[in-house]
Structure formats: structure tokens, C-alpha cells
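This is what each chain is made of:
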Amino acid sequence: SFCRGMCDASAVAILDGDRFVVGDDEDNILRVYSRRAGGLPLHTFDLSTFLRVDPKSPEVDIEGAAQLGERVYWISSHAQNRNGKEALSRHRLFATTFQIHGGAVVIQPIGQPYSNLLTDLLTHAPLRDFDLSVAAQRAPKTKNALNIEGLCSTPEGHLLIGFRNPIPGGKALLVPLLNPAEVIEGNPARLGDPLFLNLGGLGIRSLTRSDDRYLIIAGSYDGESQSLVFEWRGGEGCPRPLPQVRLSGLNPEAIELLT
């Protein structure tokens, strides 16, 4: 079935065996769809007020989602706008919870939106060699800019933040966030040691975890190369491409496994 009513799906989380919620990088609305029925959204939730956006530049640029228990964490790009201008509404990490009552889904934001993650990244000692303060001033699709597009959970209850850009040394960059529950209560992020994945010179467009493996959509920082799907077992393991998954003519921005 085909789902309608949005243009740029960029993050997704599964609600139950039929319904899923999707974020769009062109607005601040979460949309709930039926897997079986398709069509227009069953429910929409505009989070602009909760996210405290700048009315002159309100687009949050939602890029990734990750489920931890009953919570879904969402992350924006933390990038400049396409013209390389500062866009503070894009500096958001936030969480929602959902309840299902019969045929209705109710999504509620919890805690508060966190807007200091970029500062935490810039001051994180293991990242100081990568000039993220300079990268953060570049348009997101230019070389060595800063652009976050992936988020997923780990078995330890942490989050992995995936960067589409920069790609230091030709390796995709992942940064663990160790205290997501504390962050949405306004506490500074505690970050782990960065991970560097060999994705053939590509960055991370999306990632998700299923049991003991991760699936990654890898793409170029500028969107000019063909996206590929990789499987990664975590840790120091090397991701392997999945050649049987062909994305010809597609540049997907979100991946999730339906059970």
C-alpha cells in the first residue's frame, strides 16, 4: 500500500503490528499511518509549540528516530540551512511517548526539547581533531560540513548518533549518547568514544537495530552517489554491504524493520 500526505519522510518508528509514525524533514508534524490501509495519515501531531521553534525559521529538520522502551527519541540535523545560514530550530533532540486506545493513537512529548547537543559535541574531547566547530558553519551538503541524519538505540539503553557529514578519513562517524533520559530533562549530554565505520566512503543516512545487528543506509554527503544498505554487528566489527538490497533510483532517508 502507498502512504500519502507527506513529501520527505526522514524518520520512522513502529507503534504496533499495523501502525507506524513518521517524521518529515520539511515540517514539524509527526504522522501516524496504517501499514495495511495506506492512504492519508490516521493522526497528525504538530510539535512546533513544544519544540519552541524560531518563528522566522521554524523547520526543525527531523532526521532520525529511535525507540527505547515506551519512548521514541527524535533528532534533527543540527546543521545550517541549505544556504549555510544559522538555523537554531534545527538544534533539537526530543522524545515522545504514545498510547493506543482502541483505534486511536495519542502521541505526547515528554520532558523538554534539548537544544545544546551541538555544544556538547563541539566540546567532547575525542571529537576535537575533526574541527566540528568549523564544520557546523558550512552548508550541510558541502564537504566536511556537519549534518546528523541517523539515530538508533543500543542494547545498553544508549543512543547512537549517525553523521552523514563529516566523513573523517573516509569513515562514517557514530557518536554514542549515554544518558538520553537525562538529556530530555535538561541535563548535558554524556557522550562516548566515537565509532568509525567503513561504508565505502559514504556517510550515514539512517540506521536501525534488530537484536544483535544494525542495518545502515549509507549515502554520500552531497546526495550525488547511489545509496547502499549495510549490515553491522556492532563494536569493532566491519559493516558488510547487502548486495541483494538494491536501491536503484532511490535515496531513502529512513529504515525500520517491520515484525
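That block above? That's the structure.
Residues numbered from 1 in each chain as written. Predicted model: local features only at pLDDT ≥ 70, side-chain atom pairs only at ≥ 80, totals over all residues. Heavy atoms only, no water.

A. Examining the sheet that holds strand E2 (residues 19-24) more closely. Spatially, E1-E2-E3-E4 is the arrangement adopted by the 4 strands of the open sheet, whose pairing is antiparallel. Of all strands in the sheet, those with a lone pairing partner are strand E1 (9-14) and strand E4 (43-46), marking the two edges. Going from strand to strand, the sheet's axes swing by 25° on average, the running direction of each strand aside. (Pairing = 2+ DSSP bridges. Helix = DSSP H or I, 4+ residues; strand = E, 2+ residues; numbered from the N terminus. Axes fitted to C-alpha atoms, helices over the stretch in contact; angles between N-to-C directions.)

B. Structural detail: the pairing of E2. By the criterion of burial, E2 is predominantly enclosed, with 6 of the 6 residues buried. Burial along E2 is two-sided: the face carrying Arg19, Val21 and Gly23 and the face carrying Phe20, Val22 and Asp24 are both buried. Of the strand pairs in this sheet, E1 and E2 are connected by 5 bridges, and their pairing is antiparallel. The residue of E2 that forms the bridge with isoleucine 14 is phenylalanine 20. Counting the residues in the hairpin turn of E1 and E2 gives 4 residues. Pairing of E2 with strand E3 (residues 29-34) involves 5 bridges; the strand directions are antiparallel. (Buried < 20%, exposed > 50% of the residue type's maximum accessible area, 1.4 Å probe, protein only.)

C. The nonpolar core, seen in detail. Formed by 28 residues in total, the largest nonpolar core has its most connected members in Leu117, Leu121, Ile161, Phe163 and Leu177. Ignoring sequence-local partners within four residues, the contact set of isoleucine 161 consists of Ile75, Leu117, Ile148, Gly150, Leu151, Leu173, Leu174, Val175 and Leu177. The next biggest cluster of nonpolar side chains, apart from the first, holds 20 residues, and it includes Ala13, Leu15, Val32 and Ile62. (Core = buried A, V, L, I, M, F, W, Y, C linked by side-chain atoms within 4.5 Å. Contact = heavy atoms within 4.5 Å.)

D. Local environment of unusual backbone geometry. The amide bond that connects asparagine 165 to the next residue, proline 166, takes the cis arrangement and shows omega of 0°. Unlike most non-glycine residues, arginine 52 shows phi in positive territory, near 55°. Note that arginine 52 resides in the loop between helix H1 (48-51) and strand E5 (62-68). We classify arginine 52 as exposed; its relative accessible area is 54%. Despite not being glycine, aspartate 131 shows a phi value in the positive range, around 50°.

E. Region of the structure containing the packing of aromatic side chains. The tally for this structure, following the rule as stated, stands at 5 aromatic pairs. Taking 5.6 Å as the distance between ring centres and 65° as the angle between the ring planes, the aromatic pair formed by phenylalanine 130 and phenylalanine 196 counts as edge-to-face. Of this pair, phenylalanine 130 sits in the loop between helix H2 (117-122) and helix H3 (132-135) while phenylalanine 196 is found in strand E12 (residues 195-197), placing the two residues 66 residues apart along the sequence. On the accessibility criterion, phenylalanine 196 (37% relative accessible area) is partly exposed. Where tyrosine 214 meets tryptophan 232, the ring centres are 4.9 Å apart and the plane angle is 35°; that geometry is what we call tilted. Of this pair, tyrosine 214 sits in strand E14 (residues 213-219) while tryptophan 232 sits in strand E15 (residues 228-232), and the two are 18 residues apart along the sequence. For tyrosine 214, a relative accessible area of 8% gives the class buried. (Phe/Tyr/Trp six-rings, centres within 6.5 Å; stacked < 30°, edge-to-face > 60°.)

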